[in-house]
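Listed below, chain by chain, are the residues.
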Amino acid sequence: MQHILVVDDEPDVRDSVKYVLDRAGYSVRTAESAMEALAELARNPTDLVITDIVMPQVNGVEAVESIRKAFPAVRIIAISGGGNFGVTDYQPSAITTTAYLAAAERAGAHLVLTKPFETFELIRSVEQVLGVGHA
Amino acid sequence: MPRLRATFWIYITAFVVLVHLVLLPALYFGMGYVVRESHEDLFIEHARTFSRVLADEFEVGVALDSQARIEDLLDFAITHGGARYAELYERGRSIRSLYGSSEIKTSRSTDLSFGQGGDGIYFVVRPIVHASHRAELRLGFDEQPTQERIQLALTRMLWLLAGYLVVAIVIAIILSHRLSRPIQRLKAVSRAISSGDYTRALNVNTGIRELHELAEDLEAMRHELVGVNDRLEAKIKEKEISEVRREELQKQLRHRQRLETVGTLASGIAHEINNVLVPIILYTDTALQDLPTSSAPRANLVRVLAAARRAKDVVKKILTFSRELGEAKLALIDLREVVAEALHLFSALAPPTIEIRTEIDESLPFVRADSTLAAHLLMNLCTNAYQAMEGAKGTLTIGLRYQEHPTVVRLSQPRVEFWVSDTGRGMNSATVERIFEPFFTTRSVGQGAGLGLSVVHGIVESFGATITVESKIGVGTTFRIFFPAAPRLEEMEL
């Protein structure tokens, strides 16, 4: 069974993604921040991280960079629903979904996905990144 | 009393007539006097000479002794000497020519002047002294023929002068017409010019040098006026066009700023809604998968899913507002072109107190960027710079140069450095630190949303470029953007 960690500050997003992937037969854990995700990664073996980009404190792009550095074997999918210029969660590297995701890709994400996505898109992306059917 | 204004030719003609009215009578009387005098002198000369010659004849020829001889000589005076009366008088004896007029009174002395006595006869009395004879020759010459000759001469002179007057008037009229025709033409053209018609050329053909020169000068002036007028019209047109262009540019800028604000707002809302849509879509979709096809709530869930997808589309549509930013396409571009284009736009909008300078390398490698976004970036930095110099004179410098080994920390690849430098107020270090934060602004409320520099930062990052800022209070601020230089054309694989 493959282990997936879903990182998003929005509980609804986090839970719904977990629900879909649980049903698809993955072992899914969640984290609500990049810090928590890094701690979780250190604690348990993980094959794939699905992380949001716009998050308070440490943003997704930085999270991707850190994960790539500390856990090079972990695959990463970045998800984002577009720019938000709220003072607290400002992300200088992004102004639009495209720019966010481009930044995430540059930081080392294996795949990017625009919110909202369909169930089949999510599953197919996970399969693609985990190399199901290619192994 | 209104001033009398006559035309040019009437003036000249009247002048000529007046001059002649004064001159001609004087000439007539003067010349008449001379003619009269000469005729009279001639007449008197003749009368006296004839009388002396006749008297000599009496003295020399001893004619006094013969009555017949005396009568012959007296008759000769009548028939050949022009006299109308001839008498020889000697001591009570009077012999008269029978041809002479008998009505003429005698016994008077020699007339001193022509016309004396009022009888039309000029009298010459000559003494004849011979031997013992003491006689007087009395001759009366008729003044009438001379009088008539004088009158005839005067009449002829009068006619001549009258003819002369007529000829002079005719000449004056012709001459003044010839003079006034080019003047009329000049008048017509200058009137046309004063009413705004510069197209009529002054083709004045005249032999009068002054008028010809005047016409030439006026024509030159007209040419000059046509030129000035054309230049003025061109200038006005240019100004109108630049005014229109300026308005157009301002409209573009306002539109752009509005788009930017709307885009930012839309992107914020989009983020929220997109996040909300994730659980809606995922849960509904999985619920649908779980429900048997005959299940009653299934149709409702299908509608929920459709509605969520529509919401997704709506958000996408809203996001097209910020498509410029959102759909940035990175391509190899020449930053010099972007700068030139932005400068063109900016120089029309910048206040005249600001001098714009450029320091641009002649040869620059391409950079990977989106030209629209790069222009947006430049405009934002320029606007920021001129707002920092607002109300004062200042210099805005835009620079582009290639740096093989950039001095900025962390950067080792060759870069194209692009900088915008102002001589404005400058910022303190606390401000510099927060300068790229959204909604951070030193401007008063209503002057700007404070998004400009955060947008700049976002664009720069999306290009994979780096931005730095240096500022000194009272000296100015310089923003530097380091674009990774694309390999030069000759180094690129073809």
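Our structure is the block above this text.
Residues numbered from 1 in each chain as written. Chains lettered and ligands numbered in written order. Predicted model: local features only at pLDDT ≥ 70, side-chain atom pairs only at ≥ 80, totals over all residues. Heavy atoms only, no water.

Tell me about the overall build of chain A, residues and numbers included.
In terms of regular secondary structure, chain A is built from 5 helices and 5 strands. For chain A, the sequential pattern of α-helices and β-strands runs β-α-β-α-β-α-β-α-β-α. The 135 residues of chain A split such that 56% are buried. Taking as baseline every contact in chain A between residues at least 6 positions apart, the subset at least 24 positions apart corresponds to 69%. Working note: accessible area of chain A is about 5,500 Å², and carbon and sulfur atoms make up 51% of it. (Helix = DSSP H or I, 4+ residues; strand = E, 2+ residues; numbered from the N terminus. Buried < 20%, exposed > 50% of the residue type's maximum accessible area, 1.4 Å probe, protein only. Contact = heavy atoms within 4.5 Å. Areas by Shrake-Rupley, 256 points an atom, 1.4 Å probe, with all protein chains shown as cover.)

I'd like to hear about a negative patch on the surface, residue by residue, with values.
Residue and element names in this part refer to chain B. Among the surface-exposed residues, Glu-210, Glu-213, Glu-216 and Asp-217 lie close enough to one another that they form a single negatively charged patch. In this structure, Glu-210 sits in helix H4 (residues 209-290). The class for Glu-210 is exposed, based on a relative accessible area of 59%. (Patch = residues over 30% accessible without salt bridge, like charges linked within 9 Å, V, L, I, M, F, W, Y side chains within 5 Å. Salt bridge = Lys/Arg side-chain N within 4 Å of Asp/Glu carboxyl O. Lys, Arg positive; Asp, Glu negative; His and termini not counted. Charge placed at Lys NZ, Arg CZ, Asp CG, Glu CD.)

Account for the sheet that holds strand E4 (residues 133-142) of chain B, naming residues and giving values.
Residue and element names in this part refer to chain B. The antiparallel open sheet is built from 4 strands, whose spatial order is E2-E1-E4-E3. With partners counted over all chains shown, the strands left at the sheet margins are strand E2 (93-96) and strand E3 (121-130), one partner each. Taken over all neighbouring pairs, the strand axes of this sheet differ in orientation by 20° on average, direction set aside. In the sheet, E3 pairs with E4 via 10 bridges, with the strands oriented antiparallel. Residue pairing across strands places Ile-128 opposite Ala-135, the latter belonging to E4. Relative to the sheet, helix H2 (residues 67-80) contacts strand E1 (83-90), E2 and E4, its axis offset from that of E1 by approximately 150°. (Pairing = 2+ DSSP bridges. Axes fitted to C-alpha atoms, helices over the stretch in contact; angles between N-to-C directions.)

An account of the packing of helix H7 (residues 335-349) of chain B against helix H8 (residues 371-388) of chain B is needed here, citing residue identities and associated values.
Residue and element names in this part refer to chain B. For the pair H7 and H8, interaxial distance at closest approach is 9 Å and the crossing angle is 40°. Taken together, the axes of H7 and H8 are oblique relative to one another. Crossing angle aside, the handedness with which H7 passes H8 is right-handed. Along the contact surface, H7 presents Val-338, Val-339, Ala-342, Leu-345, Phe-346 and Leu-349, while H8 presents Ser-371, Ala-374, Ala-375, Leu-378, Met-379, Cys-382, Thr-383 and Tyr-386. Broken down by class, the residue content of the contact of H7 with H8 amounts to 12 nonpolar, 2 polar and no charged. (Parallel < 35°, antiparallel > 145°, perpendicular 65-115°, else oblique. Left-handed = near helix turned anticlockwise from the far one by under 90°. Nonpolar A, V, L, I, M, F, W, Y, C, P; charged D, E, K, R; others polar.)

So what's going on with helix H1 (residues 11-23) of chain A? Residues and values would help.
Here H1(A) is 13 residues long and its end C-alpha atoms lie 18 Å apart, about the 18 Å a rise of 1.5 Å per residue gives. Positive phi appears at A:Gly25, one or two residues downstream of H1(A), with a value of about 100°. (Expected span 1.5 Å × (residues − 1).)

An account of the sheet that holds strand E11 (residues 476-484) of chain B is needed here, citing residue identities and associated values.
Residues and elements named next belong to chain B. Here we have 5 strands laid out as an open sheet, ordered E6-E8-E9-E11-E10, and mixed in their pairing. Two strands bound the open sheet, and with one partner strand each, they are strand E6 (354-360) and strand E10 (466-472). Across the sheet, the axes of successive neighbouring strands diverge by a mean angle of 10°, strand direction being ignored. Pairing analysis gives 7 bridges linking E10 to E11, with the strands arranged antiparallel.

Please set out helix H1 (residues 8-60) of chain B residue by residue, giving values where relevant.
Helix length check: H1(B), at 53 residues, gives a terminal C-alpha distance of 76 Å against a target of 78 Å (1.5 Å per residue), a fit within 8%. Within H1(B), the axis deviates most sharply at B:Leu21, by approximately 25°, and proline B:Pro25 lies no more than four positions further along. (Bend = angle between axes of the 7 residues up to and from the residue.)

By themselves, these figures tell us nothing about what the structure is for.
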